[in-house]
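Survey of secondary and tertiary structure
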Amino acid sequence: MIDTDSDTALISVVEDMQADNQLGNSAHRTDSYQEYRANQPRSPTGGRGTGSGNKESSPLLGPKHDHDHHEHYWNSFPDDPRFEELVRQAEDAIENNVFPQRIYQGSSGSYFVKNVEHKIIGVFKPKDEEPYGQLNPKWTKWMHKLCCPCCFGRSCLVPNQGYLSEAGASLVDQKLQLNIVPKTKVVRLASETFNYSAIDRAKARTKKNIYAKVPSVGRRFNRIGLPPKVGSFQQFVVGYKDADFWLRRFDNEALPESTAKKFQLLFERLVVLDYIIRNTDRGNDNWLIKYETASAAAVTPETESTRDDGDWSIVSNPEISIAAIDNGLAFPFKHPDEWRAYPYHWAWLPQAKVPFSTDTQEQILPLLSDMNFVQDMCDDLYDLFKHDKGFDRHTFERQMSVMRGQILNLTQALKDGRSPVQLVQMPVVTVERSRMRQDTDIFTQSFSHRAPFFSWC
Ligand SMILES: Nc1ncnc2c1ncn2[C@@H]1O[C@H](COP(=O)(O)OP(=O)(O)OP(=O)(O)O)[C@@H](O)[C@H]1O
Ligand SMILES: [Mg+2]
């Protein structure tokens, strides 16, 4: 397969060289530009550390060299050094042949990313391996798209932008200080364990051979090795289990009062997040709960399994936290159709019948009632979404119209002291910005005459 592709690969390599040389020229524009680059983190496939000694055993992940600086620009998070360090650890690990590992249970290509000690530190979901991405490793999804193109995917979502939805959810979480979404940002990584086309692999091999045989020519390549993939990188949270697991336990054994109160607050944050971003995929497997008894907090991960089976309800101050993961199916550009509703599964939980707490009202209302805050959030999402090659301004405005409508309903529900169940029963609304001038503050509300897509039974 690779042999058949080698001619095409060679042609592509020559084309790449031409492009790389152009890029190389432009990359040497000014001194300040070079200085800026010099301070940026390493490329997804290159790095310091001991990686250079491993080149032989990692044939497709090429050596770092001077010409790869345009890739440094990615994976740079000056305002979040901790996250940058996390990504750096992932790059180091890949450089040292500790590759991301596919999560087999998922419907798309998602990967556990490790550090050099083989500890899982993140979850990477490349754009082109999303359920309907061109390199999705699950052939059933591919067949689905091929045989049933009219109804594949969720028609209310922008296709193949799940990674942006993941990062967008984290952005909204941070803006509102909900702190329930593990930090997620758009990152570029390359790894042999990712799903690449045969031609990409052949190209990488050809470049590597040229580099080995004629280094003077090889050095002119902008990048040697597999191309980095753009995707969402989410911090891995330790000690959590699927919400389903703990919810079943809580059904049988009531939580201590203070823990139940904390859990209610966290639950309300999940509702706020999901409602604003109009998440269409919040099953109880897509959020996690960590439940730790006070005495267990000091227990090492090795003894964790024994603890989980112990009698957790008798300890006085158990700690509880939640993590909202798998946010790739949110930010629809229209409300889901009636016949194909995507309910918020948390609405069936007993916690959803309790009116929003004063704490949540006080935290969220001042922010959402401020038009400037909401506009700021839309602007930040624009800055994030606009980098996708399929970005369309009009579709983005529609996404924001849905989100503003959700915010309007949520604000009203919080003001009225309603419960999450009552919130999801409100008629959906979109709030459109004036079509005449996108930079105006004139908004039009339109309420749906349809019955709400969720009803309590
Ligand atoms: N940030 C995280 N921290 C800890 N565990 C995580 C994290 N993200 C995902 N996981 C674990 O990996 C599993 C799969 O993750 P996720 O649901 O995001 O992937 P997916 O490929 O979208 O799967 P699916 O399509 O089945 O929903 C989760 O059920 C969870 O156990
Ligand atoms: Mg999932």
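Residues numbered from 1 in each chain as written. Chains lettered and ligands numbered in written order. Predicted model: local features only at pLDDT ≥ 70, side-chain atom pairs only at ≥ 80, totals over all residues. Heavy atoms only, no water.

The name given to the protein chain in an unreviewed UniProt entry is Phosphatidylinositol 4-kinase type 2, with Pomacea canaliculata as the source organism. According to the UniProt record, the Catalytic activity (unreviewed entry) comment for the protein chain reads "a 1,2-diacyl-sn-glycero-3-phospho-(1D-myo-inositol) + ATP = a 1,2-diacyl-sn-glycero-3-phospho-(1D-myo-inositol 4-phosphate) + ADP + H(+)". UniProt, in its Sequence similarities (unreviewed entry) section for the protein chain, records the words "Belongs to the PI3/PI4-kinase family. Type II PI4K subfamily." (UniProt positions renumbered as here; feature names shortened; annotations may be inferred.)

**A closer look at the packing of aromatic side chains**
To describe a pair of aromatic rings, you give the distance between the ring centres and the angle between the ring planes. In total, this model carries 19 aromatic pairs according to the counting rule given. With 6.3 Å between their ring centres and 90° between their planes, Phe-267 and Trp-346 make a pair best called edge-to-face. Of this pair, Phe-267 sits in helix H10 (residues 257-277) while Trp-346 sits in the loop between strand S8 (319-324) and helix H12 (358-368), placing them 79 residues apart in sequence. With respect to class, Phe-267 is no different from Trp-346; both count as buried. (Phe/Tyr/Trp six-rings, centres within 6.5 Å; stacked < 30°, edge-to-face > 60°. Helix = DSSP H or I, 4+ residues; strand = E, 2+ residues; numbered from the N terminus. Buried < 20%, exposed > 50% of the residue type's maximum accessible area, 1.4 Å probe, protein only.)

**Details of the coordination of the magnesium ion (ligand 2)**
Protein coordination of the magnesium ion (ligand 2) is provided by Asn-286 (OD1) and Asp-326 (OD), with donor distances spanning 2.1 to 2.3 Å. With a gap of 40 residues between them, Asn-286 in the loop between H10 and strand S7 (287-292) and Asp-326 in the loop between S8 and H12 connect regions that are remote in the sequence. Accessibility expressed as a relative area gives 6% for Asn-286, which makes it buried. Since its relative accessible area comes to 24%, Asp-326 is described here as partly exposed. (Donors = N, O, S within 2.8 Å, 3.2 Å for Na, K, Ca; no water.)

**A closer look at the sheet that holds strand S1 (residues 101-102)**
Where strands meet in a sheet, backbone hydrogen bonds hold them as pairs that are either parallel or antiparallel. Taken together, the five strands give an open sheet; going across it, the order is S1-S2-S3-S5-S4, and neighbouring strands pair in antiparallel fashion. Each having just a single partner strand, S1 and strand S4 (184-189) make up the two edges of the open sheet. Sheet analysis places strand S2 (residues 111-114) next to strand S3 (residues 120-126), joined by four bridges and oriented antiparallel. Bridge pairing in S3 places Lys-114 opposite Ile-120. Strand contacts of helix H4 (residues 81-95): S2, S3, S4 and strand S5 (229-235), with the helix running at about 30° to S4, the strand carrying the most contacts. (Pairing = 2+ DSSP bridges. Contact = heavy atoms within 4.5 Å. Axes fitted to C-alpha atoms, helices over the stretch in contact; angles between N-to-C directions.)

**Considering the sheet that holds S8**
Here we have three strands laid out as an open sheet, ordered S6-S7-S8, and antiparallel in their pairing. The sheet is open, and its two edges are formed by strand S6 (241-242) and S8, each paired on a single side. When S7 meets S8, the two strands line up antiparallel, connected through six bridges. Note on S8: the bridge partner recorded for Glu-292 is Glu-319. Sitting on the sheet, helix H9 (residues 243-252) is in contact with S6, S7 and S8, with an inclination near 55° to S7. Sitting on the sheet, H10 touches S7 and S8, and the angle it makes with S8 is about 10°.

**Regarding the packing of H10 against helix H14 (residues 393-415)**
In the contact formed by H10 and H14, the axes pass within 7 Å of each other and the chain directions differ by 140°. The pairing of H10 with H14 is recorded here as oblique in orientation. Where H10 abuts H14, its residues Val-272, Tyr-275 and Ile-276 lie against Met-403, Gln-406, Ile-407, Asn-409 and Leu-410. For the contact of H10 with H14, a count of residues per class yields six nonpolar, two polar and no charged. (Parallel < 35°, antiparallel > 145°, perpendicular 65-115°, else oblique. Nonpolar A, V, L, I, M, F, W, Y, C, P; charged D, E, K, R; others polar.)

**A closer look at the pattern of salt bridges**
Oppositely charged side chains may form a pair once their charged atoms are brought near each other. All chains considered together, the criterion is met by 16 salt bridges. Salt-bridge contacts for Glu-166 lead to Lys-125; the nearest nitrogen and oxygen are separated by 3.0 Å. Here Glu-166, found in helix H6 (residues 162-175), pairs with Lys-125, found in strand S3; they are 41 residues apart in sequence, far enough to count as distant. Taking the relative accessible area as the measure of exposure, Glu-166 reaches 3% and is therefore buried. According to the relative accessible area criterion, Lys-125 is buried, its value standing at 17%. As a salt-bridge pair, Glu-397 and Arg-393 come within 3.0 Å of each other at their nearest N and O atoms. Within this pair, Glu-397 and its partner Arg-393 are both found in helix H14, separated by four residues, close to a single helical turn. Relative accessible area serves as the criterion here: at 12%, Glu-397 is assigned to the buried category. Overlapping salt bridges bring together Asp-80, Lys-183 and Lys-185 as one network. (Salt bridge = Lys/Arg side-chain N within 4 Å of Asp/Glu carboxyl O.)

**Observations regarding H9**
All of the buried residues along H9 are Ala-243, Trp-246, Leu-247, Arg-249 and Phe-250. Taken down its axis, H9 places every buried residue within 160° of arc, on the same side. Exposed and oriented more than 90 degrees from the buried face of H9 are Arg-248, Asp-251 and Asn-252. (Arc of directions from axis to C-beta.)

**Re unusual backbone geometry**
Positioned with a positive phi, Gln-177 is a non-glycine residue whose angle comes to about 55°. Secondary-structure assignment places Gln-177 in the loop between H6 and S4.

**Remarks on the nonpolar core**
The nonpolar side chains of soluble globular proteins are, as a tendency, buried together. Ile-276, Trp-287 and Ile-289 are the most contacted members of the largest nonpolar core, which totals 62 residues. Among the elements that make up this core, the one with the highest residue count is H10 (10 residues). When near neighbours in sequence (up to four residues on either side) are disregarded, Ile-276 contacts Val-172, Leu-176, Leu-368, Met-377, Met-403, Gln-406, Ile-407 and Leu-410. Counting 19 residues, the second-largest nonpolar core is a separate cluster that includes Ile-94, Ile-121, Leu-189 and Phe-194. (Core = buried A, V, L, I, M, F, W, Y, C linked by side-chain atoms within 4.5 Å.)

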